[in-house]
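# Working through the structure, step by step
Chain by chain, the residues run as shown.
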Amino acid sequence: MIGRDILGIEDLSREDIETILETAERMQEIGAREVKKVPTLRGRTQINLFFEPSTRTQTSFEIAGKRLAADVVNFSVSSSSVTKRETLLDTAKTLDAMDPDVVVVRHKVAGVPHRLAEVLQAPVINAGDGAHEHPSQALLDMLTVREEKGHIEGLTVTIVGDIAHSRVARSNIYGFRKLGAEVRVAGPPTMLPAEIEQLGVKAYTNLREAIEGADVVMALRIQMERLEGACFPSVREYAATFGLDRAKLRFAKEDAIVMHPGPVNRGVELAHELADHRPSVILDQVRNGVALRMALLYLVSGRGGASA
Amino acid sequence: MTPPAASGETPQQALAGEPARTLQSEDTRTLPPESGRSERVVLDDEAIRRALMRIAHEIVESSDGTDRLYLVAIPNSGVPLGRLLVDNLESLTGDRPPLGILDTTLYRDDLSIRGARPQLRKTEMPSSVDDRVVVLVEDVVSTGATIRAGMDALMDFGRPSHVRVVALVDRGHRELPIKIDYVGKNIPTQPGDKVVLYTEGEGGDGFVASEEIGALQVSVREADAEPGVSVREVDAGSGEGGGASS
């Protein structure tokens, strides 16, 4: 996988996903050590190219690179030549001339990481592009489910919320389907794309039916500031209908877990009582995110390897 | 006997998504039928167990008390050997030293020249190595690259008072100033030969399914021999690094 771009779960085979998850499972132990660093990527350069602010994902990629002893450089919008009207491709070419071994890209427009991957020598890892994909998030979600349940094949995973605008939902649908889970999506009709079932999922507008017998219930973040009034009448109504609480969770399996990619709107997608304690595994997801990103960096970083 | 794979698979296999532990069923396969010619057995089960008992005696003899001993096995094939050594030490002294498992892959010096990243193995260090007499346990030592990586890895877990090395087989061709303190057997080999430890019932990752460790066997496959399809090579995964024997 050296030199390979990680642009989306759609492009990964089941074997690729399993290799990544198994590598991440070995990386987890490093985070539990007193000295949380191995010399593996010493002398390699990782550039985090974030055109859209993202404290969580950027920090996670940065810690992952540092735990592998890579030199991590953060290039964010505020400090960048983006404000000097340099084009995207010129920015990318400039960075590439500094010989990074891997470039992590986040952009609000879908497809930007793909375009950069065509230009850059270094492998590109997509850290979220528009409403398209967020592969490292889906992989860490799969890692967390595997840790909790021991396997993914045969599980029922219900994703609740704004499916239409969510790159997390799309990546998770591809990923969990490839690993043999049944995936259901639920939300108000305005948030369910018309053709979503073509991805092999079942769509529900009734939350109770959607989580009936589910092993995993994943709530998505609602972008309240953008969507209130457009996709749902009010935040209160959304919380009453699609917000998860213990009462609604009764319909899921007894040992069901609750996930959320963060940051959580407390009292909207998740009730307070669920956000902090099991069955929610939100902080495990965050912890696993570092190990998962270490696995990606370990497997792909390096210039001039086999191409995707 | 049904010798399974000794050590890890090749990086190519690892990236093709064939982790060792899913190979359990295949691991009970037998040697290639013509193995008499392409492979020669250099240590049978009895010889290996005798060597491990002698090494346990030597460890007791040369250690100033056994209460600070800490055995650390390098996966995959160091693990069954480490387990047998811990059993032997317990029967000799009444004390059972802790057994850690330490993967050296992330400490290798040859990652940049390999075509694919090698598969990682389990690391499990039950307690700190501070002030302990640590005994690294490896199946086959050649260039010394794996032991070098193992010492680096060890230092990330604390500061041992002493570090010693057990090798079931020392096959020569050292490239680093590494001394083996306890050797099962010196086996002269050609640089291209493969030295393989088979463990019956082992599921590729060095962990034996049953409590009892099955029959062990060390074979040498000579460089010009036909590669047996079902034999994985001891230097391919986490075994002897540095490509000395390939």
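Everything below is about the structure printed above this text.
Let us look at the structure shown here. (Residues numbered from 1 in each chain as written. Chains lettered and ligands numbered in written order. Predicted model: local features only at pLDDT ≥ 70, side-chain atom pairs only at ≥ 80, totals over all residues.)

## Thoughts on the overall build of chain A
Each helix and strand counted, chain A has 12 helices and 9 strands in total. Relative to the globule expectation of 19 Å for 308 residues, the C-alpha radius of gyration of chain A, 19 Å, shows essentially globular dimensions. Expressed as lengths along the three principal axes of its C-alpha atoms, the size of chain A is roughly 55 × 40 × 35 Å. By the burial criterion, 49% of the 308 residues in chain A qualify as buried. Residue pairs at least 24 apart in sequence account for 76% of intrachain contacts in chain A once pairs closer than 6 positions are excluded. (Helix = DSSP H or I, 4+ residues; strand = E, 2+ residues; numbered from the N terminus. Rg over C-alpha atoms; globule rule 2.2 N^0.38 Å. Buried ≥ 20, exposed ≤ 12 C-beta atoms within 10 Å, placed from the backbone. Contact = placed C-beta atoms within 7 Å.)

## Side note on the packing of helix α1 (residues 14-31) of chain A against helix α5 (residues 135-149) of chain A
Residues and elements named next belong to chain A. Running from amino to carboxyl end, α1 crosses α5 at an angle of 65 degrees, the nearest separation of the two axes being 10 Å. Accordingly, the angle class assigned to the pair α1 and α5 is roughly perpendicular. Crossing of α1 over α5 shows right-handed handedness. Facing α1, whose interface residues are Ile17, Ile20, Leu21 and Ala24, α5 presents Leu139, Met142, Leu143 and Arg146. (Axes fitted to C-alpha atoms, helices over the stretch in contact; angles between N-to-C directions. Parallel < 35°, antiparallel > 145°, perpendicular 65-115°, else oblique. Left-handed = near helix turned anticlockwise from the far one by under 90°.)

## Concerning the packing of helix α3 (residues 45-62) of chain B against helix α4 (residues 78-93) of chain B
Residue and element names in this part refer to chain B. Between α3 and α4, the least distance of the axes is 9 Å, while the angle of their chain directions is 55 degrees. Classed by the angle they form, the pair α3 and α4 counts as oblique. α3 and α4 meet at a crossing whose hand is right-handed. Together, Leu52, Met53, Ile55, Ala56, His57, Ile59 and Val60 of α3 and Leu81, Leu84, Leu85, Asn88, Leu89, Leu92 and Thr93 of α4 make up the contact between the two elements.

## Concerning unusual backbone geometry
Residues and elements named next belong to chain A. Gly262 connects to Pro263 through a cis peptide bond whose omega is -10 degrees. In this structure, Pro263 sits in the loop between β9 (257-259) and α11 (272-276). In this structure, Pro279 follows Arg278 across a cis peptide bond, with omega equal to 10 degrees. On the secondary structure map, Pro279 appears in the loop between α11 and α12 (282-300). Not every positive phi belongs to a glycine, and Ala69 is a case in point at roughly 70 degrees. Tracing the sequence through the fold places Ala69 in the loop between α2 (55-67) and β2 (71-76).

## Observations regarding the interface of chain A and chain B
Contacts between the two partners involve 16 residues from chain A and, on the opposite side, 14 residues from chain B. Breaking the side of chain A that touches chain B down by element, the ones donating at least two residues are α1 and α12 of chain A. Sort the elements by how many residues they give to the side of chain A that touches chain B and α1(A) lands first, with 7 residues. Here the side of chain A that touches chain B is built from residues that sort into 7 nonpolar, 3 polar and 6 charged. (Nonpolar A, V, L, I, M, F, W, Y, C, P; charged D, E, K, R; others polar.)

## Digging into the sheet that holds strand β1 (residues 45-50) of chain A
Residue and element names in this part refer to chain A. Read from one edge of the open sheet, 4 strands run β2-β1-β3-β4, paired in parallel fashion. Two strands in the sheet have a free side with no partner beyond their single neighbour: β2 and β4 (124-129). Ignoring strand direction, the axes of neighbouring strands in this sheet form an average angle of 15 degrees. (Pairing = 2+ DSSP bridges.)

## Section: the sheet that holds strand β3 (residues 99-101) of chain B
Residue and element names in this part refer to chain B. The 5 strands lie next to each other as β3-β2-β4-β5-β6, forming an open sheet whose pairing is parallel. Unpaired on one side and paired on the other, β3 and β6 (182-186) mark the two borders of the sheet. Pairwise comparison of adjacent strand axes, ignoring direction, gives a mean angle of 25 degrees for this sheet. Where strand β4 (residues 133-141) meets strand β5 (residues 162-170), 8 bridges bridge the pair, whose relative direction is parallel.

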